[in-house]
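Commentary on secondary and tertiary structure
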Amino acid sequence: LMRKFLVRRSLIAFLALVATQVVFALCNIRLFNISEPIEWLYVVGESLWYCVTSVLLFLLPFYLLLLLPMNCRWKKGYRIVAEICYFVPMLVALFANVSDAIYFQFTYRRLSNAILGYLTIGGDMGTLWPKFLIDYWYGTVSGVVIIALFIIFSAKVKFPQQPTDGKRKFVGIKEVG
């Protein structure tokens, strides 16, 4: 049960990141000089590899919490912490990837901690954010849709229930007994 839960949640996270990569490609296609189909295959392959490794890294605390062989993982507080370890890193990653779609057009670089410097220059970000969201509405709309679908589909995949069978003991993701 736990393995199926983790695979489903990971797949949802992976597909959400793939969707942000598609938005990035569509917004920036004119900036790339790709003329041959084999070049597109290379770009797609690299994007998929990026998504797989990102999901594994961002969700590492989530995986560790749920794969530890402890009975406390069935308690409500533990599950809440696990949910936070799932949603917070993924929402940050999705937001950053969608923001990248617009940011890249101006800097020809992916989003990094340099954005923090831009946010503090001039002190007028409070007036610029609404204008940015409206001017680049396609990024805003796609980001909202991707994040909303990520939350909706992730919420549909419920934590497995604690086994009630007294003969079975769950250790990590393996059932013993």
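Residues numbered from 1 in each chain as written. Predicted model: local features only at pLDDT ≥ 70, side-chain atom pairs only at ≥ 80, totals over all residues. Heavy atoms only, no water.

Next up on the list: the overall build of the chain. Looking only at helices and strands, one finds seven helices and two strands in the chain. Looking at the 177 residues of the chain, the share that counts as buried comes to 32%. In the chain, of all internal contacts separated by at least 6 residues, the share reaching a separation of at least 24 is 74%. Element-wise, carbon and sulfur atoms account for 71% of the exposed surface of the chain, whose accessible area totals about 11,400 Å². (Helix = DSSP H or I, 4+ residues; strand = E, 2+ residues; numbered from the N terminus. Buried < 20%, exposed > 50% of the residue type's maximum accessible area, 1.4 Å probe, protein only. Contact = heavy atoms within 4.5 Å. Areas by Shrake-Rupley, 256 points an atom, 1.4 Å probe, with all protein chains shown as cover.)

Running from amino to carboxyl end, helix 2 (residues 37-58) crosses helix 3 (residues 60-67) at an angle of 55°, the nearest separation of the two axes being 4 Å. Taken together, helix 2 and helix 3 sit at an angle that is classed as oblique. The segment helix 2 lies against helix 3, with Val55, Leu56, Leu57 and Phe58 engaging Leu60, Pro61 and Tyr63. Across the contact of helix 2 with helix 3, the residue classes tally to seven nonpolar, no polar and no charged. (Axes fitted to C-alpha atoms, helices over the stretch in contact; angles between N-to-C directions. Parallel < 35°, antiparallel > 145°, perpendicular 65-115°, else oblique. Nonpolar A, V, L, I, M, F, W, Y, C, P; charged D, E, K, R; others polar.)

Below, the discussion takes up the environment of Leu1. Considering the arrangement of structural elements, one finds Leu1 in the segment before helix 1 (2-28). C-alpha of Leu1 to C-alpha of Gln161: the two residues are 160 residues apart in sequence and 8.4 Å apart in space. The residues contacting Leu1, other than those within four sequence positions of it, are Pro160 and Gln161.

A separate point is the pattern of salt bridges. If charged atoms from side chains of opposite charge come close, those side chains can pair. All told, the structure shown has one salt bridge when counted by the stated rule. A salt bridge links Arg9 to Glu83; the shortest N-O distance between them is 2.8 Å. With Arg9 in helix 1 and Glu83 in helix 4 (residues 76-107), this residue pair connects regions lying 74 residues apart in the sequence. (Salt bridge = Lys/Arg side-chain N within 4 Å of Asp/Glu carboxyl O.)

A contiguous nonpolar surface patch, about 660 Å² in accessible area, is contributed by Trp137, Tyr138, Val141, Val145, Leu149, Ile152 and Phe153. Topologically, Phe153 is positioned in helix 7 (residues 137-156). (Patch = residues over 30% accessible without salt bridge, like charges linked within 9 Å, V, L, I, M, F, W, Y side chains within 5 Å.)

To continue, consider the nonpolar core. Counting residues in each nonpolar core, the largest one holds 33 residues, and the members touching the most others are Phe5, Leu59, Phe62, Leu66, Tyr86 and Phe150. The set of elements that each furnish at least two residues to this core consists of helix 1, helix 2, helix 3, helix 4 and helix 7. Element by element, the count of residues in this core is highest for helix 1, at 11 residues. Those residues within four positions of Leu59 in sequence are excluded, and the remaining contacts are Ala13, Cys85, Tyr86 and Met90. (Core = buried A, V, L, I, M, F, W, Y, C linked by side-chain atoms within 4.5 Å.)

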